[in-house]
Amino acid sequence: VQLQASGGGLVQAEASLRLSCAASGRTFSSLGLGWFRQAPGKEREFVAAISSRSGGSTYYADSVKGRFTISRSNAKNTVYLQMNSLKPEDTAVYYCAADTYGLGPDPRPQEYDYWGQGTKVTVSS
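The sections below set out a description of the structure shown in this document. Computed from a predicted structure; not experimentally measured.

Procedures and definitions
The written sequence of each chain sets the order in which its residues are numbered from 1. Confidence filtering applies because this is a predicted model: local features only for residues at pLDDT of at least 70, side-chain atom pairs given and counted only at 80 or more, and all residues used for totals across whole chains, interfaces and linings. The side-chain figures draw on all heavy atoms in the structure; neither hydrogens nor water molecules are used. Where helices and strands are cited, they refer to DSSP runs of H or I of at least four residues and of E of at least two residues respectively, numbered from the N terminus. The quantity called the radius of gyration is restricted to C-alpha atoms. Its globule counterpart is 2.2 Å times the number of residues to the power 0.38. The cut-offs for exposure are 20% and 50% of the maximum accessible area for each residue type, with area from a 1.4 Å probe on protein chains only; residues under the lower value are buried, those over the upper are exposed, and the others partly exposed. Under the convention used here, a 1.4 Å probe and the Shrake-Rupley method define accessible areas, while residue burial counts only the protein chains that appear. When charges are counted, Lys and Arg are positive and Asp and Glu negative, with His and the chain ends excluded. Charge positions come from single atoms, namely NZ of Lys, CZ of Arg, CG of Asp or CD of Glu. What qualifies as a polar contact is a pair of N or O atoms within 3.5 Å, subject to a donor-acceptor requirement within protein and to the restriction that residues adjacent in sequence count only when both atoms come from side chains. Note: two strands are recorded as paired if DSSP finds a minimum of 2 bridges between them. Orientation is described by axes fitted as lines to C-alpha atoms, over the contacting stretch for helices, and by angles from 0 to 180 degrees between their N-to-C directions. Paired rings are identified among Phe, Tyr and Trp, the last through its six-membered ring, by centres lying within 6.5 Å, and are further divided according to the angle between planes into stacked (under 30 degrees), edge-to-face (over 60) and tilted (the rest). Here, a charge over a ring means that NZ of Lys or CZ of Arg falls within 6 Å of the ring centre while also lying within 35 degrees of the ring normal. The criterion for a disulfide is a pair of cysteine sulfur atoms lying within 2.5 Å.

A closer look at the overall build of the protein
A tally of regular secondary structure across the protein gives zero helices and eleven strands. Its helices and strands taken in sequence order, the protein reads β-β-β-β-β-β-β-β-β-β-β from the N to the C terminus. Computed over its C-alpha atoms, the radius of gyration of the protein comes to 13 Å, within 12% of the 14 Å expected for a compact globule of 125 residues. The principal-axis extents of the C-alpha atoms in the protein amount to approximately 40 × 25 × 25 Å. Counting the 125 residues in the protein, one finds 46% classified as buried. Carbon and sulfur atoms provide 46% of the accessible area of the protein, an area that totals close to 6200 Å². With 13 positive and 10 negative side-chain charges, the protein shows a separation of 7 Å between the mean positions of the two kinds.

A short note on the side chain of arginine 37
Position of arginine 37 relative to the elements: it lies in strand β4 (residues 32-38). Given a relative accessible area of 5%, arginine 37 falls into the buried group. A polar contact of 2.6 Å, which involves the side chain of arginine 37, links it to the side chain of glutamate 45.

A closer look at the sheet that holds strand β8 (residues 78-83)
Across the sheet, which stays open at both edges, the four strands sit in the order β1-β3-β8-β7 with antiparallel pairing between neighbours. Each of the sheet's edge strands pairs with one partner strand only, and the pair in question is β1 (2-6) and β7 (68-73). When the angles between neighbouring strand axes are averaged without regard to direction, this sheet yields 15°. Two elements, strand β3 (residues 17-24) and β8, share six bridges in a ladder whose sense is antiparallel. Paired with cysteine 21 across the strands is valine 79, a residue of β8.

Observations regarding the packing of aromatic side chains
A complete count under the given rule lists five aromatic pairs for this structure. Centroid distance phenylalanine 36 to tyrosine 112: 5.2 Å. Interplanar angle 80°. Geometry classified as edge-to-face. Here phenylalanine 36 is found in strand β4, whereas its partner tyrosine 112 is found in the loop between β9 (92-99) and β10 (114-115), with 76 residues between them in sequence. With a centroid separation of 5.0 Å and 55° between ring planes, the pair formed by phenylalanine 36 and tryptophan 115 is classed as tilted. Here phenylalanine 36 is found in strand β4, whereas its partner tryptophan 115 is found in strand β10, with 79 residues between them in sequence. Judged by its relative accessible area of 0%, phenylalanine 36 is buried. Ring pairs connect the aromatic residues Phe36, Phe46, Tyr59, Tyr112 and Trp115, which therefore count as one cluster. The side chain of arginine 44 reaches across the aromatic face of tyrosine 95, ending 4.0 Å from its centre. One cation-aromatic arrangement involves arginine 44 over tryptophan 115; the distance from NZ or CZ to the ring centre is 4.6 Å.

Some thoughts on the state of the cysteines
One pass over the structure, following the stated rule, counts one disulfide. Disulfide pairing is shown between cysteine 21 and cysteine 96; the S-S distance is 2.0 Å. Its S-S torsion of about 60° marks the bond between cysteine 21 and cysteine 96 as right-handed, since a negative value means left-handed. Here the residue cysteine 21 occupies a position in strand β3, and cysteine 96 occupies one in strand β9, the gap between them amounting to 75 residues.

With respect to the pairing of strand β11 (residues 119-124)
With burial as the criterion, only one face of β11 is covered, namely that bearing Thr119, Val121 and Val123; the residues Lys120, Thr122 and Ser124 on the opposite face remain uncovered. One ladder, built from four bridges, connects strand β2 (residues 9-12) with β11; its direction is parallel. When the bridges of β11 are listed, glutamine 12 appears paired with serine 124.

What follows is the structure in structure tokens.
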């Protein structure tokens, strides 16, 4: 599975961004998918995850619940992360990841087999 994340950038606080992650190499609908982030000097942390197939189940970190929305388009082989009301503490490199065995949504990074290259999000105050 190859994952290509995009959509990051520099925005002001309270702005919105939508990240995209295009996948190839495996039946996309069978993948559980997640977004993680890593801020400078910090460990990678879970952001959001979505189940395989229809994506009927989602799971969010408390820090983003109510502001971020994960979704998927099996027709486009793409997973999205809509980020609203961004805060400076959301500044990080955001990574998409694919879980080839689990149904998802799973917040545990060790359950993900493939990772994208990351896209940088910077939120200024």
